[in-house]
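One-letter residues, chain by chain:
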Amino acid sequence: MTELESANPLLDLTAEQLRAYAAAAMDRARRRSRGLTDAVDDSDLVRQHSRLMSPLVWDLAHIGSQEELWLVRDVGGRPPLRPDIDELYDAFKHARADRPALPLLGPAEARAYVAEVRGKALDVLDTAPMRGQGLTDHGFAFGMITQHEQQHAETMLATHQLRGGEPVLHAPPPPERRCAPLPEEVLVPAGEFLMGTSAEPWALDNERPAHVVDVGAFLLDTTPVTNAAYLEFVESGGYAERRWWSTVGWEHIQQHGITAPRFWRREATGWWRTRFGVTEPVPAHEPVAHVSYHEAAAYAAWAGKRLPTEPEWEKAARFDPATGRSRRFPWGDEDPGPEHANLGQRHLRPAPVGAYPRGSSPLGVHQLIGDVWEWTSSDFGGYPGFSAFPYREYSEVFFGAAHKVLRGGSFGTDAAAVRGTFRNWDYPIRRQIFAGFRCARDA
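Definitions and limits used
- Residues numbered from 1 in each chain as written.
- Predicted model: local features only at pLDDT ≥ 70, side-chain atom pairs only at ≥ 80, totals over all residues.
- Heavy atoms only, no water.
- Salt bridge = Lys/Arg side-chain N within 4 Å of Asp/Glu carboxyl O.
- Buried < 20%, exposed > 50% of the residue type's maximum accessible area, 1.4 Å probe, protein only.
- Helix = DSSP H or I, 4+ residues; strand = E, 2+ residues; numbered from the N terminus.
- Expected span 1.5 Å × (residues − 1).
- Bend = angle between axes of the 7 residues up to and from the residue.
- Core = buried A, V, L, I, M, F, W, Y, C linked by side-chain atoms within 4.5 Å.
- Pairing = 2+ DSSP bridges.
- Axes fitted to C-alpha atoms, helices over the stretch in contact; angles between N-to-C directions.
- Phe/Tyr/Trp six-rings, centres within 6.5 Å; stacked < 30°, edge-to-face > 60°.
- Polar contact = N/O pair within 3.5 Å; in protein donor to acceptor, adjacent residues only side chain to side chain.
- Contact = heavy atoms within 4.5 Å.
- Parallel < 35°, antiparallel > 145°, perpendicular 65-115°, else oblique.
- Left-handed = near helix turned anticlockwise from the far one by under 90°.

(A) Structural view of the pattern of salt bridges. Scanning the entire structure with this criterion turns up 42 salt bridges. Arginine 275 is the salt-bridge partner of glutamate 280, the closest N and O atoms lying 2.8 Å from each other. In terms of burial, glutamate 280 and arginine 275 fall into one category: buried. Among the salt bridges present, the one from glutamate 314 reaches arginine 318, with a minimum N-O distance of 2.7 Å. Of this pair, glutamate 314 and arginine 318 both sit in helix α9 (residues 310-318), four residues apart, roughly one helical turn. The pair formed by glutamate 314 and arginine 318 is uniform in burial state, with each residue classed as buried. Salt bridges sharing partners connect three or more residues here, namely Glu184, Glu185, Asp221, Lys305 and Arg441.

Below is the structure:
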């Protein structure tokens, strides 16, 4: 079975090369965290901009707390720096809505704390074995902490989208469409493929182990659903017609008065959106974002389609019919570059569909990685043979029908925190995240 899975180039690096790779990934994450927190003044750092989110200063200190727990204490075996704050920054102890009332570290103290932790973590990295079992194998713990920080950076980016006031984040626009007109759908043939991974050294527990899945033939949208396409659903009265919605979805939009994607509003001159403090016309050719699972499923029903299952999404993204192997990414096995996908907050918006032809899959599906997370119809659960590692609270406690799986990453996801096997999950009502979708139908 393992011969059907492409291997990560990290497996071929020496210990010193692995240390350099991990140090660079950690530094990239820290520069991003600093940029997101230095962009606002201290009063903004401690303010809760939405009850859905923590104050930015909580996220910053939480990043340091997790790095201390896993790298300084567990891997390095060194004395605790701040055991007195462990509970304050335990994400399971306090709901986000309650965190502003806690005796949190102030901005200056939080910055000093994460800097001190990073210095000690790099000391540990200098001598940590890069081979072995568990946390140290191929630098897994350093990869896990890098991914954790980048995940919180995306959460902080979502907080920036929810804050009021003048724009404080800036980035160049994404590339324009770079390819000829694309077909609406791509046929994904029936058959088995290898889903998940047993060879990706920094993969998290819910991505493991690799296992064979038989998927029936289906048609998948070549690109994510665009704002223009979604606007047709809005303008046709899609939010007012019960028949397109599940019972739970209909009750939710009725209760909350939802009539369009979050951050959209109708003006006399058309539809406008707010994006990181900038108000602008809704761009027709970008993937729609800030829609819940319920909205995605309703659009798919209106269009005579459905949302893809998680195995369907992954087969479209990874399966290479020429070799029968599952790639690391749609374009191949190399890490994402700027020519492949819109990742890492390089641009503060999704790119127009067709902007990344070099990132397409062997079957011709575009923009499966980056731009917007894509809702699937699947509930979040463990694969056959799942084993929680290194702690149950990362994945296992979220298994069940309450959470839907999202795939592919967004423009706010770093390359370290997304790959063809990476799984995200959230409540089906969530709209503040950078989520969109594409549709499927049976062949």
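(B) Spotlight on helix α3 (residues 56-75). In this model, α3 (20 residues) spans 27 Å end to end at C-alpha, consistent with the 28 Å of a helix rising 1.5 Å per residue. Of all the bends in α3, the largest measures some 35° and sits at glutamate 68. For α3, the buried fraction is high: 17 of the 20 residues fall into the buried class. Looking one or two residues past α3, glycine 77 carries a phi angle of roughly 65°, positive in sign.

(C) Seen up close, the nonpolar core. Core analysis: the largest hydrophobic core is formed by 87 residues, its most contacted members being Phe142, Tyr230, Trp375 and Phe437. Here this core takes 10 residues from helix α5 (residues 140-162), the largest share from any one element. Of all hydrophobic cores here, the second largest spans 23 residues; its members include Phe218, Trp313, Phe329 and Trp331.

(D) Focus on the sheet that holds strand β11 (residues 400-407). With mixed pairing, four strands are arranged side by side in an open sheet as β12-β11-β10-β13. Lying at the two open borders of the sheet, with one neighbouring strand each, are β12 (424-426) and β13 (435-436). Where β11 and β12 come together, three bridges link them in antiparallel fashion. Bridged to valine 405 within β12 is tryptophan 425.

(E) Geometry of the sheet that holds strand β14 (residues 440-442). The three strands are arranged β1-β4-β14 in an open sheet whose pairing can be described as antiparallel. A single partner strand is all that each edge strand has here, and the edge strands are β1 (185-188) and β14. The average angle at which neighbouring strand axes cross in this sheet is 25°, direction not considered.

(F) Here's a closer look at the packing of aromatic side chains. By the definition in use, this model includes 30 aromatic pairs. Ring geometry for tyrosine 230 versus phenylalanine 437: centroids 6.2 Å apart, planes at 75°, classification edge-to-face. Of this pair, tyrosine 230 sits in helix α6 (residues 227-235) while phenylalanine 437 sits in the loop between β13 and β14, and the two are 207 residues apart along the sequence. Given the relative accessible area of 0%, tyrosine 230 is considered buried. For the ring pair phenylalanine 386 and phenylalanine 399, a centre distance of 5.0 Å and an interplane angle of 70° mean the geometry is edge-to-face. Taken as a pair, phenylalanine 386 in the loop between β10 (373-380) and β11 and phenylalanine 399 in the loop between β10 and β11 lie far apart in primary sequence, 13 residues in all. Of the aromatic side chains, those joined through ring pairs into one cluster are Trp70, Phe92, Phe380, Phe386, Tyr391, Tyr394, Phe398, Phe399 and Trp425.

(G) Up close: the pairing of β11. As paired elements, β10 and β11 share four bridges and run antiparallel to each other. Bridge pairing links phenylalanine 380 to glycine 400 in β11.

(H) Quick look at the side chain of arginine 349. In this structure, arginine 349 sits in the loop between β9 (325-326) and β10. A residue is classified by how much of its surface remains accessible, and arginine 349, at 17% relative accessible area, is buried. Side-chain polar atoms of arginine 349 contact the side chain of glutamate 286, separated by 2.7 Å. Once residues lying within four places of it in the same chain are set aside, the contact partners of arginine 349 are Pro174, Arg273, Arg275, Glu280, Pro283, Glu286, Asn342 and Phe411.

(I) Representation of unusual backbone geometry in the model. With an omega of -10°, the peptide bond running from arginine 208 to proline 209 counts as cis. With respect to the helices and strands, proline 209 occurs in the loop between β2 (191-195) and β3 (211-215). In this structure, the amide linkage connecting phenylalanine 389 to the following residue, proline 390, adopts the cis form with an omega of -5°. With respect to the secondary-structure elements, proline 390 resides in the loop between β10 and β11. Here the phi dihedral of phenylalanine 263 falls at roughly 75°; this positive angle occurs in a residue that is not glycine. The class for phenylalanine 263 is buried, based on a relative accessible area of 18%. Look at glutamine 345: it is not a glycine, yet its phi comes out positive at around 65°. Along the chain, the position of glutamine 345 falls in the loop between β9 and β10.

(J) Here's a closer look at α5. An ideal rise of 1.5 Å per residue puts 33 Å on 23 residues; α5 measures up with 33 Å between its terminal C-alpha atoms. For α5, the buried fraction is high: 22 of the 23 residues fall into the buried class.

(K) Here's a closer look at the packing of helix α1 (residues 15-38) against α5. The N-to-C vectors of α1 and α5 enclose an angle of 20°; their axes lie 9 Å apart at closest approach. Judged by the angle between their axes, α1 and α5 are roughly parallel. Once α1 is placed against α5, the crossing between them reads as left-handed. The residues of α5 that touch α1, namely those facing Ala22, Ala25, Met26, Arg28, Ala29, Arg30, Arg32, Ser33, Leu36 and Thr37, are Phe142, Thr146, Glu149, Gln150, Ala153, Glu154, Met156, Leu157 and His160.

(L) Spotlight on the environment of serine 361. Checked against the element boundaries, serine 361 lands in the loop between β9 and β10. The exposure class assigned to serine 361 is buried, which follows from its relative accessible area of 5%. Here the alpha-carbon distance between serine 361 and tryptophan 331, two residues 30 residues apart in the chain, equals 5.5 Å. Residues contacting serine 361, with those up to four places away along its chain left out, are Ala316, Ala317, Pro330 and Leu368.

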